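The residues making up each chain are set out below.
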Amino acid sequence: MTETLVKNKLYIDGREATYTDERNLLEVIRKAGIEVPTFCYRPDLTIYGGCRMCVVEIEGRGVQASCSVPPEPGLKVRVNTEKTRRVRKVALELLLANHNRECTTCEKSNNCELQELTQKMGIRDVRFGKREIELPIDDSNPSIVRDPNKCILCGDCVRMCKEVQGQNVLDFVNRGSETVVSPAYGKNMGDVDCVYCGQCTSVCPTGALTIKSEIDNAWAAVLNQQKVVVAQIAPAVRVALGEAFGFKPGENTIGLIVAALKKIGFNQIFDTSFAADMTIMEETTEFITRLQNKEKLPLFTSCCPAWVRFAEFRYPQLLKHLSTCKSPQQMFGSIAKKYLTKEYNIDPENLTVVSIMPCTAKKAEAQRNEFKNNGIQDVDIVLTTQELIRMIKEAGIDFSNIEPEPLDTPFGILTGAGVIFGSSGGVSEAVVRTAYEMVTGKPLEKFAVTEARGLDKFKELTVDIEGLKVKIAIVNGLQEANDLIERIEKGEAHYDIIEVMACPGGCIGGAGQPQSCKDTSIKKNRSKGLYKADVELPIHKSHENPQVQNLYKKWLESPNSKIAHELLHTHYKSKRRISGENIELTSGDIEEKKSEIAVCVGTCCYIKGSYDFMEGLVKRIKDNNLEDKVKVKATFCFENCGKSPTISVDGELVSNAVPEKAGEIFEKYIASKFNLE
Ligand code: SF4
Ligand code: SF4
Ligand code: SF4
Ligand code: FES
Ligand code: FES
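All chains use their own residue numbering, which begins from 1 and follows the written sequence. Key to labels: chains lettered from A, ligands numbered from 1, both in the order written. Two thresholds apply to this predicted model, a pLDDT of at least 70 for residue-level local features and 80 or more for giving and counting side-chain atom pairs, whereas whole-chain, interface and lining totals are computed over all residues. As a rule here, side-chain values come from all non-hydrogen atoms in the structure, and water together with hydrogens is ignored.

Participant: So what exactly am I meant to see when it comes to the site of ligand 3 here?
Facilitator: Summary of the distance rule: residues count as near a molecule or strand when at least one heavy atom falls within 4 Å of that molecule or strand. Neighbouring ligand 3 are the residues C304, P305, A306, C359, K362, M501, A502, C503, C507 and G510. Each residue is assigned to one class: nonpolar for Ala, Val, Leu, Ile, Met, Phe, Trp, Tyr, Cys and Pro, charged for Asp, Glu, Lys and Arg, and polar for all the others, Gly among them. Looking at the shell around ligand 3 residue by residue, the classes come out as eight nonpolar, one polar and one charged.

Shown next as structure tokens:
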């Protein structure tokens, strides 16, 4: 045994154990093969030490939380003693006393760490009184639901939101027995700067934070004989869904997922990797144009809707730098609604597009006004990997024993470049593979760009395209993105392309995937699975996808053409909140104005089109030269969300101010007041 190992030696339940770089005793005990219960310890977050589940007895020191004690040479530790068992049991009973225990109907049932531990510890009776008051459930957020009655105050969500996503949406509010975890000032989750990443749900050990389910909508669609229901499967889903059925993280089960979806009743199954190839065609062309014109650099990727929302809130001045490309999910949606309907002669009203995503933010993305056509969403339903797992189980499908089936054509033809989108660095690598060949016209001999790979929060690389040096930064986690932007704004860093993914490790660590926060190897293996799929596929470059080439030939002309822009690109809007102030949309002095209209741009109103309404209204005011008579301003929630979008005209609340009603409302409240013809 080496000198280092002798020094790094302690005793667990009388047996020698060695440690190297473990951050605490808990990790050392787990490495020795003993599972210690925890609620508030997550390897990727700071240590909180509040739940007392991980207590151990240390000789000479008594009972201590093992997550909060660093390993030291010679420590004599006992994991399960009379005292530690008692401390854990009392702590657990106290948590259960404050907890709504309707497990049978809970979204998290069978997947809940509190339920699991209660079973393991054999608790049949809770000796402490039950909390009387039932707190309201908050389902105002398009992606997640908060049930404070099921919260055990472990603080995991608070630290995840703050430390990884740089967001401070959730915090401990009130004191003592009144303590809850909620947005500040008791606001709803739909009325705060949440980016819908869902990472808080991915660490919540109970049913207090869960993903908003669209399972019932999906069943209704597949059971409706009038509907043609197509599914698109995102790259990261294939290497994670199998975990719920005994496959190892990283095992590619795409064929089984296709077969399961067919058995459930989906008509056609396609792959979002195909749309990722379209994204690369459009984004690479956009990048090369910007590079040639020396404008709007660095180019920020725009595939991750949580990042886009973060930029809209936090860095509106950078929005012109974001690629205007829609995300692959939305590119697929608009192509499917436009062309599948033509190719197969389907009435667009009868085509339902369902996405299977690793992501909760995609639920909110699909509802954005920019991605609707005549009020109908391009992507109708977004199911997370977890939701599809539940549908497969509900349908009674023996997932591990069914025969795999192939994806359908035309959008089931994929390349390795599209598949690696699921891991942090994948988008950049796919851009490099295509940019090299687009710029030089020569084949890229070695397609792997290994410097872009790995799950580090920050990576950088410089690619040499025949003398043209392209500097790329890759970040995952919005706190990391924030740190990078601050460095760029201070002039300390310069890049040409910046890839941002909100979730740790990219979409493989999306909140819609089976839980991976307890074991850091899970995300690593999923990532490896995607790169393995890339190697196994015959095509590795997006521009070589024959079906993508066909689509351009038949319908889209060329990347960044007018028609491609109409279908595959979008725009962004600042959503910065100015605390205590409203944002004025028409100029002039209030004293001289005769009318004042406040348009709510809170989340509910925004989702239902308040920005578009406001634009319509401002245009009419300008067309009628009323700017100096009518003041229009954006404001925040009127607490009338149920009847949103809401506006106020000279103090009178007007509900249901949808974009289509801008003319009617202008006539009723403005034209009549100023006697316009
Ligand atoms: S969804 Fe993301 S941004 Fe919103 S509260 Fe959860 S962790 Fe924070
Ligand atoms: S909501 Fe969930 S993660 Fe957050 S403190 Fe409560 S139990 Fe913990
Ligand atoms: S990283 Fe992927 S899974 Fe996470 S929010 Fe962004 S798109 Fe969704
Ligand atoms: S896991 Fe150690 S105190 Fe909660
Ligand atoms: S967001 Fe509540 S009224 Fe607008």
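Don't stop here, the text continues.
Participant: I keep staring at the sheet that holds strand β2 (residues 15-18) and nothing clicks. Help me out?
Facilitator: Within a beta sheet, neighbouring strands are joined by backbone hydrogen bonds and run either parallel or antiparallel to one another. We treat two strands as partners when DSSP finds at least two bridges between them. Put simply, DSSP marks the helices as runs of H or I at least four residues long and the strands as runs of E at least two long, and each gets a number from the N terminus on. Within the open sheet, the five strands sit side by side as β2-β1-β5-β3-β4. Their pairing is mixed. Each edge of the open sheet carries a strand with a single partner, namely β2 and β4 (62-65). Strand after strand, the sheet turns through a mean of 40° between neighbouring axes, direction not considered. Any two residues whose heavy atoms approach within 4.5 Å at even a single point are treated as in contact. To get an axis, a line is fitted to the C-alpha atoms, and for a helix only the part in contact is used. The angle between two axes follows their N-to-C directions and goes from 0 to 180 degrees. The sheet strands contacting helix α3 (residues 82-97) are β3 (55-58), β4 and β5 (76-78), and the helix crosses β3 at an angle near 155°.

Participant: What am I meant to see in the sheet that holds strand β12 (residues 299-300) here?
Facilitator: A sheet is described by the order of its strands in space; here four strands give the open sequence β12-β19-β18-β17, paired in mixed fashion. Each end of this open sheet is capped by a strand with a single partner; those strands are β12 and β17 (458-465). For strand β18 (residues 468-476) and strand β19 (residues 497-501), the ladder comprises five bridges, and the chain directions are parallel. Pairing of I472 across the sheet is with I497, part of β19.

Participant: Please explain the site of ligand 2 as it appears in this structure.
Facilitator: Neighbouring ligand 2 are 13 residues; C151, C154, G155, C157 and C204 lie closest to it. Class assignment for the residues of the shell around ligand 2 results in 10 nonpolar, two polar and one charged.

Participant: Help me understand the domain arrangement of the chain, please; the structure alone is not making it clear to me.
Facilitator: Where the parts come together, the accessible area they lose is often given as the size of the interface. Reported domain spans reflect what an automatic or database domain assignment gives. Segmenting the chain into domains produces domain 1 (3-92), domain 2 (127-211), domain 3 (216-568) and domain 4 (583-671). Each of domain 1 and domain 3 was reduced to a C-alpha centroid, and the two centroids are 41 Å apart.

Participant: For this particular structure, what's the right way to read the side chain of D408?
Facilitator: Residue position: D408 is located in the loop between α13 (385-394) and α14 (416-419). The definition of a polar contact used here is a pair of N or O atoms within 3.5 Å, where within protein one atom must be able to donate a hydrogen and the other to accept one, and adjacent residues in sequence count solely through side-chain atom pairs. For D408, the side chain forms a polar contact with the side chain of K262, separated by 3.1 Å. A distance of 2.7 Å separates the side chain of D408 from the backbone nitrogen of I269, its partner in a polar contact. What D408 contacts, discounting residues up to four positions off in sequence, is K262, N267, Q268, I269 and F270.

Participant: Please clarify how the pairing of strand β10 (residues 228-233) should be interpreted in this entry.
Facilitator: Every other side chain in a regular strand lies on the same face of the sheet, so the side chains alternate between the two faces. Most of β10 sits inside the fold, with five of its six residues counted as buried. Across six bridges, β10 lies against strand β13 (residues 351-357) in parallel orientation. Among the inter-strand pairings, Q232 is bridged to a residue of β13, identified as S355. Where β10 and strand β11 (residues 268-271) come together, four bridges link them in parallel fashion. When the sheet's bridge partners are listed, Q232 is paired in β11 with F270. A simple rule labels every residue: compare its accessible area, found with a 1.4 Å probe on the protein chains alone, to the largest value its type can have, and call it buried under 20%, exposed over 50%, or partly exposed in between.

Participant: Any chance you could explain helix α16 (residues 478-489) here in plain terms?
Facilitator: Note that an α-helix has 3.6 residues per turn; residues three or four places apart therefore point the same way. Under the convention used throughout, the expected extent of a helix is 1.5 Å for every residue step, that is, one less than its residue count. Given a rise of 1.5 Å per residue, 12 residues ought to cover 16 Å, and the 16 Å separating the end C-alpha atoms of α16 matches this to within 8%. Inspection of α16 places L478, A481, N482, L484 and I485 among the buried residues, and these make up the whole buried set. The buried residues of α16 occupy an angular sector of 165° when the element is viewed end-on, so they sit on one face. The inward-facing, buried residues of α16 contact α5 (156-164), β12, α10 (305-314), β17, β18 and β19. G491, located one to two residues past α16, shows a positive phi value of around 80°. It is the directions from the helix axis to the C-beta atoms whose arc is reported.

Participant: Sorry if this is basic, but what is going on with the pairing of β3 here?
Facilitator: As paired elements, β3 and β4 share four bridges and run antiparallel to each other. Its bridge partner being in β4, E57 is matched across the sheet by V63. Counted between consecutive antiparallel strands, the loop separating β3 from β4 contains three residues, among which G60 sits at a positive phi close to 85°. With two bridges connecting them, β3 and β5 associate as antiparallel partners. What sits directly across from I58, in β5, is V77.

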